[in-house]
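Summary of structural features
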Amino acid sequence: MRSTWATRGRTPVLVHHFNWQRASIAAALCFGSAGGGCQLAFHVQPGSYNTQRLIGVLEELRRFLGGQKATLLWDGLPAHRSKAMAAWIASQRHWLVAERLPAYAPELNPTEALWGNLKGKGGELAYLAGDTLEEVIGAAQRGIERVRGTPHLPYSFLRHSGLDLW
């Protein structure tokens, strides 16, 4: 929900085709333990994520990180809590540790600040009612590239979360 301006007494009407297609985006803010900077990894797909698709995304993340060890902080999405995901993570302990964020605490999740940046005033997804799924995905990708090209932003997302990882 967003605010808008209108003539007093005239409710603005947003015209949209409402074909209800959906895209899901997974993002990872990767902070180097040796002060090696910050990288933003993301994955977008039509539809919703399930456990198997998220396992594939984590395998892509490992390649993105070049095999470096990682600690994953994530929320309570059902696919994050599944038995299959727990078994897969247990088999990946040589490079991956997963820590669950507390329930109802999105302010602790640095990626929530990323989404707020993309959806907030002036962001690529603010007030967007795209006619096609491709238009919305393209806007999200432009926003991700903008964040990637602005070095201080990912660090500000971490500071916003209040997490002390060092």
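An account of the accompanying structure is given in this report. (Residues numbered from 1 in each chain as written. Predicted model: local features only at pLDDT ≥ 70, side-chain atom pairs only at ≥ 80, totals over all residues. Heavy atoms only, no water.)

Scanning the model with the defined rule gives three salt bridges in all. As a salt-bridge pair, Glu-124 and Arg-146 come within 2.7 Å of each other at their nearest N and O atoms. In this pair, Glu-124 sits in the loop between helix 4 (110-119) and helix 5 (133-148) while Arg-146 sits in helix 5, placing the two residues 22 residues apart along the sequence. Residue Arg-146 is classed as partly exposed on the basis of its relative accessible area of 29%. (Salt bridge = Lys/Arg side-chain N within 4 Å of Asp/Glu carboxyl O. Helix = DSSP H or I, 4+ residues; strand = E, 2+ residues; numbered from the N terminus. Buried < 20%, exposed > 50% of the residue type's maximum accessible area, 1.4 Å probe, protein only.)

The next thing to look at is the packing of helix 4 against helix 6 (residues 152-161). Two numbers describe how helix 4 lies on helix 6: the axes approach to 7 Å, and their chain directions differ by 125°. In this view, helix 4 runs oblique relative to helix 6, as classed from their interaxial angle. Viewed along their axes, helix 4 and helix 6 form a crossing whose handedness is right-handed. Facing Pro-110, Ala-113, Leu-114 and Asn-117 of helix 4, the residues of helix 6 in contact are Leu-153, Phe-157, Leu-158, His-160 and Ser-161. (Axes fitted to C-alpha atoms, helices over the stretch in contact; angles between N-to-C directions. Parallel < 35°, antiparallel > 145°, perpendicular 65-115°, else oblique. Left-handed = near helix turned anticlockwise from the far one by under 90°. Contact = heavy atoms within 4.5 Å.)

Our focus in this paragraph is helix 3 (residues 83-90). All buried positions along helix 3 are accounted for by Met-85, Trp-88 and Ile-89. Buried residues of helix 3, seen end-on, are gathered within an arc of 100° and therefore sit on one face of the element. In this structure, the buried residues of helix 3 make contact with helix 1 (51-64), strand 3 (70-74), helix 2 (78-81) and strand 4 (96-100). (Arc of directions from axis to C-beta.)

Moving on, we come to the side chain of His-43. Mapped onto the elements, His-43 comes out in strand 2 (residues 38-46). On the basis of relative accessible area, His-43 is assigned to the buried category, the value being 11%. A polar contact is formed between the side chain of His-43 and the side chain of Tyr-49, at a distance of 2.8 Å. At 2.7 Å, the side chain of His-43 forms a polar contact with the side chain of Arg-53. For His-43, the residues in contact, after removing those within four places along its chain, are Ser-24, Ile-25, Ala-26, Tyr-49, Arg-53, Val-57 and Glu-60. (Polar contact = N/O pair within 3.5 Å; in protein donor to acceptor, adjacent residues only side chain to side chain.)

Quick look at the nonpolar core now. Core analysis: the largest hydrophobic core is formed by 20 residues, its most contacted members being Leu-58, Leu-61, Trp-74, Met-85, Trp-88, Ile-89 and Leu-96. Among the elements of the structure, strand 1 (23-31), helix 1, strand 3 and helix 3 are those that each provide at least two residues to this core. If one sorts the elements of this core by residue count, helix 1 sits on top with five residues. Non-local contacts of Met-85, meaning those with residues more than four positions away in its chain, are made with Thr-51, Leu-54, Ile-55, Leu-58, Trp-74, Ala-79 and His-80. One finds Phe-31, Ala-113, Leu-118 and Ala-139 within the second-largest nonpolar core, a separate group that totals 15 residues. (Core = buried A, V, L, I, M, F, W, Y, C linked by side-chain atoms within 4.5 Å.)

Just distances and angles here, no functional claims.
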